[in-house]
Amino acid sequence: QVQLVETGGGLVQAGGSLRLSCATSGRSFSDGAMGWFRQAPGKERDFVAAISWNGRSTEYADSVKGRFTISRDNAKNTVYLQMNNLKPEDTAVYYCAASSYRWTGPRDNDFDSWGQGTQVTVSS
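Analysis parameters
Residues numbered from 1 in each chain as written. Predicted model: local features only at pLDDT ≥ 70, side-chain atom pairs only at ≥ 80, totals over all residues. Heavy atoms only, no water. Disulfide = S-S within 2.5 Å. Helix = DSSP H or I, 4+ residues; strand = E, 2+ residues; numbered from the N terminus. Buried < 20%, exposed > 50% of the residue type's maximum accessible area, 1.4 Å probe, protein only. Pairing = 2+ DSSP bridges. Axes fitted to C-alpha atoms, helices over the stretch in contact; angles between N-to-C directions. Contact = heavy atoms within 4.5 Å. Core = buried A, V, L, I, M, F, W, Y, C linked by side-chain atoms within 4.5 Å. Salt bridge = Lys/Arg side-chain N within 4 Å of Asp/Glu carboxyl O.

*Asks:* Help me understand the state of the cysteines in this model?
*Replies:* What makes a disulfide is a covalent bond joining the sulfur atoms belonging to two cysteines. Applying the stated criterion to the full structure yields 1 disulfide. Covalently, C22 is tied to C96 through a disulfide, its sulfur atoms 2.1 Å apart. Disulfide C22-C96: torsion about the S-S bond near -80°, hence left-handed. Of this pair, C22 sits in strand β3 (residues 18-26) while C96 sits in strand β9 (residues 92-99), and the two are 74 residues apart along the sequence. Residue classification places C96 among the buried residues on the basis of a relative accessible area of 0%.

What follows is the structure, given as structure tokens:
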């Protein structure tokens, strides 16, 4: 198991930016893929982005392509989500997740550890 703590959420106006961070501890961080998911009120949890164990492969939901960037720093055991040009429909609780696989895509069942989430609210 990996312990995950997300930070960086908040309230921002449409068109603004936020950077989420997810600090990890426990299982070796650099061995597995990492992902970000989000859940808006009354909706199911959706995939946002994933990054492979070495950072060389990434995947994004169509709704965030070109606006969000996932990255990782294995020396700091941290994964990031840079969010630019935010829209009101990006409002959600954002969750960081860790996988024991070196690479996985938008399959939340492949992630076995989850953070508690951080709220992102985008006002119009």
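*Asks:* It is not clear to me how the sheet that holds β3 should be interpreted in this structure. Could you clarify?
*Replies:* Whether parallel or antiparallel, the strands of a sheet pair through hydrogen bonds between backbone atoms. The strand order across the open sheet built from 4 strands is β1-β3-β8-β7, with neighbouring strands paired in antiparallel fashion. The strands lining the two open edges of the sheet, one partner per strand, are β1 (2-7) and β7 (68-73). For this sheet, the mean angle separating the axes of adjacent strands, direction not counted, is 20°. The pairing of β1 with β3 spans 6 bridges and is classified as antiparallel. The partner of V5 across the bridge, within β3, is A23.

*Asks:* Explanation requested: the environment of G10 in the structure shown.
*Replies:* Residue placement: G10 occurs in strand β2 (residues 10-13). C-alpha separation for the pair G10 and Y80, spaced 70 residues apart in sequence, amounts to 15 Å. Those residues in contact with G10, other than ones at most four positions away along the chain, are L18, Q119, V120 and T121.

*Asks:* In this structure, what is going on with unusual backbone geometry? I would like to understand it.
*Replies:* The bulk of non-glycine residues show a negative phi, and the bulk of peptide bonds are trans. With a phi angle near 55°, N77 is a residue other than glycine that sits in the positive phi range. Inspection of the secondary structure assignment puts N77 in the loop between β7 and β8 (78-83). With phi around 50°, N85 is a residue other than glycine that occupies positive phi space. As for its placement among the helices and strands, N85 is situated in the loop between β8 and β9.

*Asks:* Teacher, can you tell me more about the nonpolar core here?
*Replies:* Soluble globular proteins tend to pack their nonpolar side chains together in the buried interior. Ranked by size, the top nonpolar core spans 33 residues in total, and within it M34, W36, V79, L81, M83 and Y94 carry the most contacts. Contributing elements (two or more residues each) for this core: β1, β3, β4 (34-39), β5 (45-51), β7, β8, β9 and β11 (118-123).

*Asks:* Got a minute to help me understand the environment of F68 in this structure?
*Replies:* Along the polypeptide, F68 turns up in strand β7. Note on F68: relative accessible area 3%, which makes it buried. For the pair F68 and A33, spaced 35 residues apart in the sequence, the C-alpha separation amounts to 17 Å. Those residues in contact with F68 that sit more than four places away from it in its chain are R38, V48, Y60, L81, Q82, M83, N84, L86, D90 and Y94.

*Asks:* Explanation requested: the pattern of salt bridges in the structure shown.
*Replies:* Close approach of charged atoms allows side chains with opposite charge to pair. Evaluated as defined, the whole model comprises 5 salt bridges. R38 is paired through a salt bridge with D90; the nearest N and O atoms lie 2.9 Å apart. One end of the pair, R38, is in strand β4; the other, D90, is in the loop between β8 and β9, with 52 residues separating them in the sequence. Taking the relative accessible area as the measure of exposure, D90 reaches 1% and is therefore buried. The salt bridge partner of D62 is K65, with a shortest N-O separation of 3.1 Å. One continuous salt-bridge network, built from bridges that share partners, spans R38, R67 and D90.

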